[in-house]
Amino acid sequence: MLDLQYICDHLEEVKANCRNRGVQVDVSPILSLRDQRRELITRGDALRKEQKETSGKIPKASADQKPALIARGKQLREEVAKIEEEQKKVEEQLYALQSQIPNMTHPDSPVGRLEEDSVTVREVGEIPEFDFEPKDHVELAQGLDLIDFESGSKVAGHGFYYLKNEAVLLELALVQYAVEKLVAEGFTITTTPDLARDEVLEGIGYIPRGDETQIYSVENSDLSLVATAEITLGGMMKDEIIDADKLPLKIAGISHCFRTEAGAHGRATRGIYRVHQFTKVEMFGFTAPELSASDEYHQMILRIEEEIFQGLELPYRVLDICTGDMGGSSYRKYDLEAWMPGRGGYGEVTSCTNCTDYQARRLGTRCRTPGKKGTRFVHTLNGTAVAVTRAMIAILENNQQADGSVVVPAVLRKWVGVDRITAKKG
RNA sequence: GGAGAGAUGGCUGAGUGGACGAAAGCGCCGGAUUGCUAAUCCGGUAUACGGGUCAAACCGUAUCACGGGUUCGAAUCCCGUUCUCUCCGCCA
């Protein structure tokens, strides 16, 4: 969330930003709530001061002074309790309101509401020309016995699948390839929990429970299945103070991602484009709280994402995501969309976001500069290295041959073990 | 899952109802001193919130895992939660 003081001092900018983002929230009450909070704190502090003084006098007081002091102490206790309750209520309202306000936006982010308002920064790679009718990944997978949708549905329902045969090797290869790249880039790699506490989800900006939620939650617990390792990677530093000279922290994680995809019915539901579970290698960053630092990190993540797809020899474009299409935490966001012949268009394969201090404030992740007083909230960033299912679609569809076989990208062959995936005999 | 022990500042660790934001040591910062890769001595060294200020200084409040309770008063007593450790069970 945004800083309360910042919101109050920049009310018009915040309101304009909400409009650009397509977020409907009445920001106005925040000023009076802020003032109410301040007054309650001032009054509470004064009462607590008297309370301390009163109770401090009691041990030294004479026997006939004591009853009056104790009576006053009791009275003060009640008054303090009342004030504290009021303060709690006001702060809850403030928190609820603040949580609805999205992050401020990079001045260069395109303003718009729809996906189409995002701006293509560049297109890289050759879109393949086929001298035959190209298949989509579902048909290809069927011909090559790579994905078992029927068993997936039977066992877990629509949106689940079994990868089989070379598809399994391809998944492992993609993960290995991404990890190898990230290690070379100086990331600390992790495998993260696939579940996380609701408070961590909330800190990152997810709403774990409720009608519209994208999150699977575990009953009778405060745990939810993670939608991305962004949650668990960001959560690592919850309530931590990091030495500023250790920044940026470059951490990556492999996790499964679980999404209910509520409300997404009918939208690209074919195949493994939109599924309830997939494997992903995610980059995360904690940087110094300066835009120069987080911008630089953001560009680095984007470069790595591009290099990963260039290495796979897949055509893609980079989108500068418009104000209306980014999440609440985002200050700026780029997507990579790979060409997917089966859809006859581009499909999102990665995404990278600079959240500035928006997530850090709620997570309580700060940094301290040695020798300087105080702490500041760090900037956080996240980006996809490889989302396995999406990358697999792009590989299968772009690398398909007239005979239905699929050429394995050269960089993955050492793990897949073959140059080409062909139909099984028999 | 069962039994027990524990959680104190950057770290180690004392503190079992009032004089405790908290001893001591280490670390760190500043200074003094000594001809010697260092030692010694002195001083300082948390964070958040509110007020205050151009900015500081400063003032107040809170914080001894977290949340509640008892009490005039809680690091200290009681309850719950989380986490850590030890032993047992189970298990990959």
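**Student:** Summarise helix α7 (residues 166-184); cite the residues concerned and give the values.
**Tutor:** With 19 residues, α7 extends 26 Å between its outermost C-alpha atoms, agreeing within 8% with the 27 Å of an ideal straight helix rising 1.5 Å per residue. Within α7, burial applies to E166, A167, L170, E171, A173, L174, V175, Y177, A178, V179 and L182. Where α7 terminates, the next one or two residues include G186, which has phi positive at roughly 90 degrees.

**Student:** Explain the environment of V124 residue by residue, including any values.
**Tutor:** By secondary structure assignment, the location of V124 is in strand β1 (residues 119-124). Of the residues examined, V124 reaches a relative accessible area of 23% and is grouped as partly exposed. With 26 residues separating them along the chain, V124 and E150 place their C-alpha atoms 36 Å apart.

**Student:** Outline unusual backbone geometry, supporting the account with residue identities and numerical values.
**Tutor:** Cis rather than trans, the peptide bond between L247 and P248 has omega equal to 0 degrees. In the Ramachandran plot, N165 falls in the positive-phi region, its phi being about 50 degrees despite a non-glycine side chain. Following the sequence through the fold, N165 ends up in the loop between β3 (162-163) and α7.

**Student:** Tell me about the environment of T422, and name the residues and values.
**Tutor:** Tracing the backbone shows T422 in the segment after β17 (420-421). A relative accessible area of 38% means that T422 is categorised as partly exposed. In this structure, the C-alpha to C-alpha distance between T422 and Y6, residues 416 residues apart in sequence, is 59 Å. Apart from the residues lying within four places of it in its own chain, the contact partners of T422 are L144 and S405.

**Student:** Requested: an account of the nonpolar core, with residues and values cited.
**Tutor:** Counting 58 residues, the largest nonpolar core has F309 and L412 as the members making the most contacts within it. With nine residues, α7 is the single largest residue contributor to this core. Not counting residues within four places of it along the chain, the set of residues in contact with L412 comprises L170, A173, L174, Y177, L312 and I395. Among the nonpolar cores identified, the runner-up in size contains 22 residues, and V27, L76, L97 and Y358 belong to it.

**Student:** Tell me about the sheet that holds strand β11 (residues 332-340), residues and numbers included.
**Tutor:** The strand order across the open sheet built from eight strands is β1-β10-β11-β12-β15-β9-β8-β4, with neighbouring strands paired in mixed fashion. With one partner strand each, in any of the chains shown, β1 and β4 (188-191) form the two edges of the open sheet. Looking at each pair of strands side by side, their axes are set apart by 25 degrees on average, direction ignored.

**Student:** Any chance you could break down the packing of aromatic side chains for me, citing the residues and the numbers?
**Tutor:** Counting across every chain of the model gives three aromatic pairs. Geometrically, the ring pair formed by F284 and F286 is tilted, given 5.0 Å between the ring centres and 55 degrees between the ring planes. For F284, a relative accessible area of 0% corresponds to the buried category. Over the aromatic face of Y273 sits the side chain of R343, whose NZ or CZ is 3.9 Å from the ring centroid. When the ring centre of Y273 is taken as reference, the NZ or CZ atom of R390 above it lies at 3.6 Å.

**Student:** So what's going on with the protein's contact with RNA strand B? Residues and values would help.
**Tutor:** Neighbouring residues of RNA strand B: 21 residues in total, closest R38, S55, I58, R77 and T375. Here RNA strand B approaches the protein such that, of its atoms within 4 Å, sugar and phosphate make up 75%. At 2.4 Å from a phosphate oxygen of RNA strand B is found a side-chain nitrogen or oxygen belonging to R38. Sorting the residues of the surface near RNA strand B by element identifies α3 (30-57), α4 (66-100) and β13 (366-368) as the ones contributing at least two each. Take the surface near RNA strand B: its biggest share by element is ten residues, from α3. Each residue belonging to the surface near RNA strand B can be placed in one class, and the counts come to four nonpolar, six polar and eleven charged.

So, how was this worked out
- Residues numbered from 1 in each chain as written.
- Chains lettered and ligands numbered in written order.
- Predicted model: local features only at pLDDT ≥ 70, side-chain atom pairs only at ≥ 80, totals over all residues.
- Heavy atoms only, no water.
- Helix = DSSP H or I, 4+ residues; strand = E, 2+ residues; numbered from the N terminus.
- Expected span 1.5 Å × (residues − 1).
- Buried < 20%, exposed > 50% of the residue type's maximum accessible area, 1.4 Å probe, protein only.
- Contact = heavy atoms within 4.5 Å.
- Core = buried A, V, L, I, M, F, W, Y, C linked by side-chain atoms within 4.5 Å.
- Pairing = 2+ DSSP bridges.
- Axes fitted to C-alpha atoms, helices over the stretch in contact; angles between N-to-C directions.
- Phe/Tyr/Trp six-rings, centres within 6.5 Å; stacked < 30°, edge-to-face > 60°.
- Lys NZ or Arg CZ within 6 Å of the ring centre and 35° of its normal.
- Near = heavy atom within 4 Å.
- Polar contact = N/O pair within 3.5 Å; in protein donor to acceptor, adjacent residues only side chain to side chain.
- Nonpolar A, V, L, I, M, F, W, Y, C, P; charged D, E, K, R; others polar.

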